[in-house]
2 protein chains.
Amino acid sequence: MTDMNRQVLLTLRPSGIAQAENFTIREAAVPAAGPGELLVRNHYLSVEPAMRGWIADTGNYTKPIELGSVMRSLASGVVIESRHPDYREGDCVSGWFGWQDYACITPDQIVQRTTASEMRASLGILGTNGVTAYLALTLIGQPRAGETVLVSTAAGAVGSAAGQIARILGCRTIGIAGGPDKVSRCIGEFGYDAAIDYRAQDVSAALAGHAPDGIDIYFDNVAGPISDAVLPHLALRARVIVCGTASIDRWTPWPTGPRVERHLLVKRARMEGFVIFDHMDRYQDAVGQLRTWISEGRLLWREDILDGIEACPDALAGLYRGENDGKRLIRLVGDDAGGNQ
Amino acid sequence: MTDMNRQVLLTLRPSGIAQAENFTIREAAVPAAGPGELLVRNHYLSVEPAMRGWIADTGNYTKPIELGSVMRSLASGVVIESRHPDYREGDCVSGWFGWQDYACITPDQIVQRTTASEMRASLGILGTNGVTAYLALTLIGQPRAGETVLVSTAAGAVGSAAGQIARILGCRTIGIAGGPDKVSRCIGEFGYDAAIDYRAQDVSAALAGHAPDGIDIYFDNVAGPISDAVLPHLALRARVIVCGTASIDRWTPWPTGPRVERHLLVKRARMEGFVIFDHMDRYQDAVGQLRTWISEGRLLWREDILDGIEACPDALAGLYRGENDGKRLIRLVGDDAGGNQ
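Residues numbered from 1 in each chain as written. Chains lettered and ligands numbered in written order. Predicted model: local features only at pLDDT ≥ 70, side-chain atom pairs only at ≥ 80, totals over all residues. Heavy atoms only, no water.

- Chain A carries the name NADP-dependent oxidoreductase in an unreviewed UniProt entry, which gives Novosphingobium indicum as its organism.

What follows is the structure, encoded as structure tokens:
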């Protein structure tokens, strides 16, 4: 433990995806908890594709992160000082603590209580990623057994959970991922019935082969050319879950693509955006369901752990380079391995 | 009444919108009803924007009309010969009778029984147009009082009904139409709170003025540049009803436009296609509701009547030229005026 609080600040707003040079690491004094506050020692910091949107100064579902402030992030850690009656020193918590060693917080920044053994999972499969996969799939996708579910970024933190949950719910699952390693992981670990390597295969031709009767649910994390290849393969009354737009580097100028209206009309299909923050009332129930499936050995996940806060500035750009292998986390404390693979 | 059956055949498949030269008028003998069949004398033939899709040989929600066959169409008329126990001579019926003087049909081609006084309305406000407006708005749009509803082709057969129904349901309504006549009709006849002339105004700027808090429901009949201007103005959890794509001349090659995914994600909005033929189980209830509103003087409509079957070949192209003033019908029998304006 250091006596200083290292913090990763957003200091230069990118026009596209934030690179290392958009951030600056600063050392500050460790703060003290004021009345009603807690001081948390962060153990793990989360790295999410969605951060691209939080950083952008264009319209989004949250306020843009201000220049010069600590990078907004989910994190998990241990309460080391409490001036709030509901929390004690030693409590493990997960929430909006930012990319820094120590966070002085109020309880409304906590998303969930966790445990020492679930501190990493609380940021991934038992946190935003798993809950997003479960709620987006069930609330928007409304899967029925026997339907065909297609997932993009199929080996990623959200995608791999979505694919496995769809399978648990009785659906046929097809994954789209980049590269032979991720594709073989889709089949071997995450149980997809079929997987397509978008870098090596013609996605449309592969879909025609794997889903001759069409796609009932498309869990989309990417938008862009992959989705453009998917839309003509929608089945009647298909549901397209718009969960992310990872393949689009920038929205200024606004990118174009094939029009979707005719597909939606001809197939009476539905396309709908999902943001987990709208569904916090269902969060803990979802975590409970996910934990059950994990305990039954039916839900696997991978973690991609980088050590040390110095890894933060380049970590988001690395996600967009596709170099991560599962949920990306920055470890500040501890040295155990990640995932249940 | 003629002794011959004049029929309008589709004889040349267009690459875009069918023009007069794509059809041929043929005279055939008036058929006789076989066992279980009815012979109907058509009084009115319908002309619908959707015919563009029925004619195209690309994927659609119905089978393409075969070259050399009678143009598929809704029509209304009188049974002049019945060899089916459920129908008698003199019954008024509305259904899939085609662009021809006489149709020899089976009862499954009948959409609804009608009356002499509702024979035209059964093809418009009390038929596919009104029922589409009502069901698409309520099933997909799910309007709540106080919400802002935007309608494209706001003075058209479907649009004007959608706008009036939204208003009856307590919504604020904004219409988009082309030209000063249609715009003034939107306000003066159809009760829109505001109307935008897309030919003369910047749609985006006008929307910013009329709907500063965003559009809750967009009832879209056009797609294309008008919709592209609308999407950035969606409110949180907006619903976009994809009911038609009238502004798109052709889908080969497939047209491009600004990507919709980011709008849907940021606004957690939903976009969904609607085709009336999926909802025939609700058809008669919808007609009943529409008839009630008409009888209360709350629902107005216009008809644009062309006389004689010779008007058929150019009638669809004329719709796409925007020359009609309300629901376009071809009158074969009778000479009374249309609409309730």
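There is more to say, and it comes next.
**Description of the overall build of chain A**
Working step 1: Secondary structure summary: chain A contains nine helices and 16 strands in total.
Working step 2: Computed over C-alpha atoms, the radius of gyration of chain A comes to 20 Å, within 12% of the 20 Å expected from 2.2 N^0.38 for 341 residues, which places it in the range of a compact globule.
Working step 3: Dimensions of chain A along its principal axes, counting C-alpha atoms only, are 60 × 45 × 35 Å.
Working step 4: Considering chain A as a whole, with its 341 residues, one finds that 59% of them fall into the buried category.
Working step 5: Long-range contacts, defined here as pairs at least 24 residues apart, represent 67% of the contacts in chain A between residues at least 6 apart.
Working step 6: As displayed, chain A offers around 13000 Å² of accessible surface, 49% of which is attributable to carbon and sulfur atoms.
Working step 7: Here chain A holds 33 positive side-chain charges and 40 negative ones, and the gap between their average locations is 6 Å. (Helix = DSSP H or I, 4+ residues; strand = E, 2+ residues; numbered from the N terminus. Rg over C-alpha atoms; globule rule 2.2 N^0.38 Å. Buried < 20%, exposed > 50% of the residue type's maximum accessible area, 1.4 Å probe, protein only. Contact = heavy atoms within 4.5 Å. Areas by Shrake-Rupley, 256 points an atom, 1.4 Å probe, with all protein chains shown as cover. Lys, Arg positive; Asp, Glu negative; His and termini not counted. Charge placed at Lys NZ, Arg CZ, Asp CG, Glu CD.)

**Digging into empty space enclosed by the protein**
Once rolled over the atoms, a probe with the size of a water molecule shows which space is left empty.
Working step 1: One pass over the structure, following the stated rule, counts three cavities of 30 Å³ or more.
Working step 2: Volume-wise, the largest cavity comes out at about 70 Å³.
Working step 3: Lining of the largest cavity is provided by A:Gly124, A:Ile125, A:Asn129, A:Ala155, A:Gly156, A:Ala157, A:Ser160, A:Trp301, A:Arg302, A:Gly326 and A:Lys327.
Working step 4: Residues of the lining of the largest cavity, tallied by class, amount to four nonpolar, five polar and two charged.
Working step 5: Both of domain 1 (4-124 + 301-331) and domain 2 (128-277) of chain A provide at least three residues apiece to the lining of the largest cavity.
Working step 6: Considered as a void within the structure, the second largest cavity measures approximately 50 Å³ in volume.
Working step 7: The wall of the second largest cavity is formed by B:Gly124, B:Ile125, B:Asn129, B:Ala157, B:Ser160, B:Ala161, B:Leu300, B:Trp301, B:Arg302 and B:Lys327.
Working step 8: Among the elements that line the lining of the second largest cavity, the one with the most residues is helix H3 (residues 157-168) of chain B, at three residues.
Working step 9: Of the residues that constitute the lining of the second largest cavity, the class distribution is five nonpolar, three polar and two charged.
Working step 10: Built from parts of two domains, the lining of the second largest cavity gets at least three residues from each of domain 1 (4-124 + 301-331) and domain 2 (129-277) of chain B. (1 Å grid on protein atoms, 1.4 Å probe; cavity = no way out; pocket = protein on both sides within 12 Å on 5 of 7 lines; lining within 4 Å. Points joined across faces, edges and corners; volume = space filled by probe spheres on them. Nonpolar A, V, L, I, M, F, W, Y, C, P; charged D, E, K, R; others polar. Domains from an automatic or database assignment.)

**Comments concerning the relation of the copies chain B and chain A**
Related by rotation about an axis and a shift along that axis, the two copies of the chain form a pair.
Working step 1: Superposing chain B onto chain A requires a rotation of 180° together with a translation of 0.0 Å along the rotation axis, leaving an RMSD of 0.0 Å. Between the two chains, the operation in question is that of a two-fold axis. (Least-squares fit on C-alpha atoms with pLDDT ≥ 70 in both.)

**Structural notes on the pairing of strand S8 (residues 148-152) of chain A**
Residue and element names in this part refer to chain A.
Working step 1: The element S8 is extensively covered by neighbouring structure, given that five of its five residues are classed as buried.
Working step 2: A two-sided burial pattern is seen for S8, the buried positions comprising Thr148, Leu150 and Ser152 on one face and Val149 and Val151 on the other.
Working step 3: The pairing of S8 with strand S9 (residues 172-177) spans five bridges and is classified as parallel. Of the residues in S9, the one forming a bridge with Val151 is Gly175.
Working step 4: In terms of handedness, the path from S8 via helix H3 (residues 157-168) over to S9 forms a crossover that is right-handed.
Working step 5: With three bridges joining them, S8 and strand S11 (residues 215-220) adopt parallel strand pairing. Residue Val151 lies in a different strand from S11, and its bridge partner there is Phe219. (Pairing = 2+ DSSP bridges. Right-handed = clockwise from strand over helix to strand, strands pointing away.)

**Observations regarding the domain arrangement of chain A**
Residue and element names in this part refer to chain A.
Working step 1: Split by domain assignment, chain A resolves into domain 1 (4-124 + 301-331) and domain 2 (128-277).
Working step 2: Taken over C-alpha atoms, the centre of domain 1 sits 28 Å from the centre of domain 2.
Working step 3: Between domain 1 and domain 2, the contact holds 20 residues from the first and 17 residues from the second.
Working step 4: For the pairing of domain 1 and domain 2, the buried interface totals around 1400 Å² over both sides, and the portion due to carbon and sulfur atoms is 46%.
Working step 5: Area buried by domain 1 at its contact with domain 2 is led by Arg52, Tyr61 and Arg302, which between them contribute 29% of it.
Working step 6: Here domain 1 is connected to domain 2 by two salt bridges.
Working step 7: Between Asp325 and Arg185 there is a salt bridge; the shortest N-O distance is 2.4 Å.
Working step 8: Taken together, domain 1 and domain 2 are joined by 10 residue pairs in polar contact (both at pLDDT 80 or more). (Buried area = accessible area lost by both parts, 1.4 Å probe. Salt bridge = Lys/Arg side-chain N within 4 Å of Asp/Glu carboxyl O. Polar contact = N/O pair within 3.5 Å; in protein donor to acceptor, adjacent residues only side chain to side chain.)

**Concerning the interface of chain B and chain A**
When the parts come together, some accessible area is lost, and that loss is often what is quoted as the size of the interface.
Working step 1: In this complex, chain B contributes 39 residues to the contact, which on the side of chain A involves 39 residues.
Working step 2: For the pair chain B and chain A, the two sides together bury roughly 3400 Å², of which 60% comes from carbon and sulfur.
Working step 3: Looking at the side of chain B facing chain A, the largest losses of area belong to B:Arg259, B:Arg262 and B:Arg268, adding up to 24% of the total buried there.
Working step 4: Where chain B packs against chain A, one counts eight salt bridges.
Working step 5: Counting the contacts that link chain B with chain A gives 18 residue pairs in polar contact (both at pLDDT 80 or more).
Working step 6: Every element with two or more residues in the side of chain B that touches chain A is listed here: helix H1 (51-55), helix H6 (224-230), strand S12 (234-242), strand S13 (256-258), helix H7 (261-266) and strand S14 (270-273) of chain B.
Working step 7: No other element matches H7(B), which puts six residues into the side of chain B that touches chain A.

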